[in-house]
2 protein chains.
Amino acid sequence: MRDFSADHRWLSLNTATVRKQGDLAEIIEACARHGIRCIDPWRDQVAAIGLERAARAVRDAGLELSGYCRGGMFTSDAGHRIEVRDDNRRAVDEAKALGAPCLVLVVGGLPQYSRPGSTPSKDIAAARSQIEDALAELLDSARAANMPLAIEPLHPAYAADRACVNTTKHALDICDRLDPQRSGAIGVALDVYHIWWDPEVLAQIERAGKDRLLTFHVCDWLVPTTDILNDRGMMGDGVIDIRSLRRAVEAQGFAGYSEIEIFSNAWWQRPMDEVLQTCIARHRSMV
Amino acid sequence: MRDFSADHRWLSLNTATVRKQGDLAEIIEACARHGIRCIDPWRDQVAAIGLERAARAVRDAGLELSGYCRGGMFTSDAGHRIEVRDDNRRAVDEAKALGAPCLVLVVGGLPQYSRPGSTPSKDIAAARSQIEDALAELLDSARAANMPLAIEPLHPAYAADRACVNTTKHALDICDRLDPQRSGAIGVALDVYHIWWDPEVLAQIERAGKDRLLTFHVCDWLVPTTDILNDRGMMGDGVIDIRSLRRAVEAQGFAGYSEIEIFSNAWWQRPMDEVLQTCIARHRSMV
């Protein structure tokens with residue numbers, strides 16, 4: 001396992017971590033100040049300053065990307081299907097324009113939450129089936145653009161409203177069905193927040209192998225968690241044995257960034273520089 | 001599948017559902033008023049009025065029990081192990097005195113939350129191993145008392161602080177290792193709240209079979225969920241396809257009660273009679 005204690009060259013900042021403190025241009029400037037050399041921006045942050053300006057800012061700052069957040073939300077009623085398809089194709093194009101190594105996918109839960117206005121449903125099996133069909137379709141466009149798709153299994157707490165692919169096993173089952181040749185065109189985005197509880201996670205990371213491990217996210221699970229979406233912890237403040245998960249991923253040959261993605265009402269209230277300084281310190285001591 | 005629409009003879013009330021509205025004696029009186037013929041009481045509610053009085057009240061009201069909540073919290077540091085063992089043996093004795101058909105077990109998460117004062121740990125694999133050892137030991141006492149143990153897999157959101165057995169598969173793997181002969185001495189307590197998201201749940205219910213299906217709980221998953229522990233929904237108010245899960249359980253021969261267990265800051269503020277009337281109506285229309 002790589003030693004992160006001496007520097008933060010393998011730290012990537014998911015820009016949602018400081019989304020309330022500044023726009024993407026300001027976040028990129030802050031990364032330059034703090035010697036952070038990689039980011040994973042969100043689509044709404046890119047849209048807010050414009051795709052061209054975002055791509056130029058990334059280039060000018062000499063930044064790499066560890067991913068682009070996010071495509072997905074595939075579940076909808078019939079009336080929203082074209083919208084879903086076109087939205088995801090645009091996400092692939094944006095990822096390409098920004099030079100991202102993969103498009104991270106949050107696949108959607110039940111249609112009424114994934115695409116508001118869709119007819120409500122409680123049929124989670126149907127939602128899962130629709131996700132797989134939509135992924136198969138998007139994979140054609142993504143292959144053509146040479147943009148790998150990274151399915152992010154989300155914690156089961158989000159099964160209804162954000163993603164009903166909730167285990168690494170389920171995500172890899174989909175990858176195996178859509179890409180049995182392990183071409184690199186589809187894999188997983190693993191975030192310790194979503195997978196730490198899973199008794200099968202180490203075996204599934206081994207199953208994934210380097211081909212399928214497209215990106216790796218870190219934060220921490222707080223006890224108590226006061227908000228299901230926006231109370232994620234800074235690494236070291238919670239209960240996740242982060243290093244054992246990084247060790248497992250790196251044992252498969254993963255040599256990319258450890259991307260810090262923290263949705264937190266508490267951290268969003270602190271100054272950007274303080275958050276980044278803390279991220280850097282914890283990356284060295286806790287990741 | 002049984003038709004619940006005409007009456008509520010198969011409704012059991014987990015007494016935590018109205019724990020803020022009255023003590024166990026008052027809850028039992030309310031059940032009599034509403035023609036509810038089965039309950040699942042909690043240990044603290046029994047202790048508050050005394051075990052003998054509780055047992056007499058149950059008998060006098062002609063109530064059945066669908067379970068006794070709860071044993072478990074097996075994870076601790078070495079200094080708390082005798083306490084854990086003795087506490088669980090007492091739970092078996094109390095279940096017996098009350099005439100419960102099984103002791104429901106919430107197995108514990110990391111030791112510092114399961115048994116406060118224990119040395120903190122992030123080693124979830126060690127916690128799981130300790131749980132299995134403690135279950136094996138308790139099973140001896142439980143067999144002697146002829147009291148089946150029902151492992152309740154909890155939603156992964158509770159992995160840190162309440163139970164790190166989070167899937168039906170994991171619970172059944174433990175049952176198979178401790179009781180390969182399927183003697184009836186150990187099985188699972190399935191609550192739709194904890195299992196609805198699991199893509200393997202229907203296959204695992206089939207694997208469980210009648211021998212291992214000791215009790216079945218219902219409530220609903222609300223979107224949004226505003227409190228991880230105490231914002232469970234009344235059946236029909238959330239996203240769970242409850243009937244498909246009851247159908248799966250009954251297809252294995254389960255013919256017991258559908259036990260309503262709702263931890264809810266909202267429902268705890270309503271009058272007991274209103275809550276019970278709503279439970280009865282929803283049992284008939286949504287379960």
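Quick caveat, the model's predicted, so the values are computed rather than measured.

Draft legend 1. Looking closely at the environment of A:Ile36. All names here are of chain A. Turning to its location among the elements, Ile 36 is positioned in the loop between α1 (24-33) and β2 (38-40). Taking the C-alpha atoms as reference points, Ile 36 and Gly 22, separated by 14 residues in sequence, lie 16 Å from one another. Beyond its immediate sequence surroundings of up to four residues, Ile 36 is in contact with His 8, Leu 11, Leu 13, Cys 31 and Leu 276.

Draft legend 2. How the structure looks around the sheet that holds strand β8 (residues 213-218) of chain B. Residues and elements named next belong to chain B. The sheet built from nine strands is open, its strands ordered β3-β2-β1-β9-β8-β7-β6-β5-β4 with parallel pairing. This sheet does not close on itself; its edge strands, each paired only once, are β3 (64-65) and β4 (68-72). Together, β1 (11-14) and β9 (258-260) form the strand contacts of helix α11 (residues 272-286), whose direction differs from that of β1 by roughly 135°.

Draft legend 3. Spotlight on the interface of chain B and chain A. Opposite the 22 residues of chain B that make contact, chain A presents 22 residues. Residue composition of the side of chain B that touches chain A, grouped by class: 13 nonpolar, four polar and five charged.

Draft legend 4. Focus on unusual backbone geometry. All names here are of chain A. In this chain, Cys 69 is followed by Arg 70 through a cis amide linkage whose omega measures -10°. For the peptide bond that leads from Val 223 to Pro 224, omega is -5°, which places it in the cis range. Within the element layout of this structure, Pro 224 appears in the loop between β8 (213-218) and α10 (242-251). Of note, the phi angle at Met 73 is positive, near 50°, even though the residue is not glycine. Here Met 73 lies in the loop between β4 (68-72) and α4 (81-98).

Draft legend 5. Spotlight on the pairing of strand β7 (residues 186-191) of chain A. All names here are of chain A. Within β7, six of the six residues are buried, which leaves the element mostly enclosed by the surrounding structure. Pairing geometry for strand β6 (residues 149-151) and β7, over three bridges, is parallel. Directly across from Leu 149, in β7, lies its bridge partner Ile 186. Considered for its hand, the β-α-β crossover made up of β6, helix α7 (residues 168-178) and β7 is right-handed. As paired elements, β7 and β8 share four bridges and run parallel to each other. Each residue of the ladder has a partner; that of Val 188, found in β8, is Leu 213.

Draft legend 6. A look at the relation of the copies chain B and chain A. When chain B is fitted to chain A, the residual RMSD is 0.0 Å, and the transformation amounts to a turn of 180° plus an axial shift of 0.0 Å. The two molecules are tied by a two-fold rotation axis, judged by turn and shift. Both copies contact each other with a shared surface, as 100% of the interface residues of chain B are interface residues in chain A too.

Draft legend 7. Structural context of the nonpolar core. Within the largest apolar cluster, 189 residues are counted, with the highest numbers of intra-cluster contacts made by A:Leu103, A:Ile151, A:Val188, B:Leu103, B:Ile151 and B:Val188. Setting aside its immediate chain neighbours within four residues, A:Leu103 contacts A:Tyr68, A:Gly71, A:Ala91, A:Val92, A:Ala95, A:Ala142, A:Met147, A:Leu149 and A:Ala150.

Draft legend 8. Examining the confidence of the model for chain A more closely. Per-residue confidence for chain A gives a mean pLDDT of 98; residues scoring 70 or more make up 100%. Interface confidence for the predicted complex, given as ipTM, is 0.97, next to a pTM of 0.98.

What counts as what
Residues numbered from 1 in each chain as written. Chains lettered and ligands numbered in written order. Predicted model: local features only at pLDDT ≥ 70, side-chain atom pairs only at ≥ 80, totals over all residues. Helix = DSSP H or I, 4+ residues; strand = E, 2+ residues; numbered from the N terminus. Contact = placed C-beta atoms within 7 Å. Pairing = 2+ DSSP bridges. Axes fitted to C-alpha atoms, helices over the stretch in contact; angles between N-to-C directions. Nonpolar A, V, L, I, M, F, W, Y, C, P; charged D, E, K, R; others polar. Buried ≥ 20, exposed ≤ 12 C-beta atoms within 10 Å, placed from the backbone. Right-handed = clockwise from strand over helix to strand, strands pointing away. Least-squares fit on C-alpha atoms with pLDDT ≥ 70 in both. Core = buried A, V, L, I, M, F, W, Y, C linked by C-beta atoms within 7 Å. pLDDT = per-residue confidence, 0-100.

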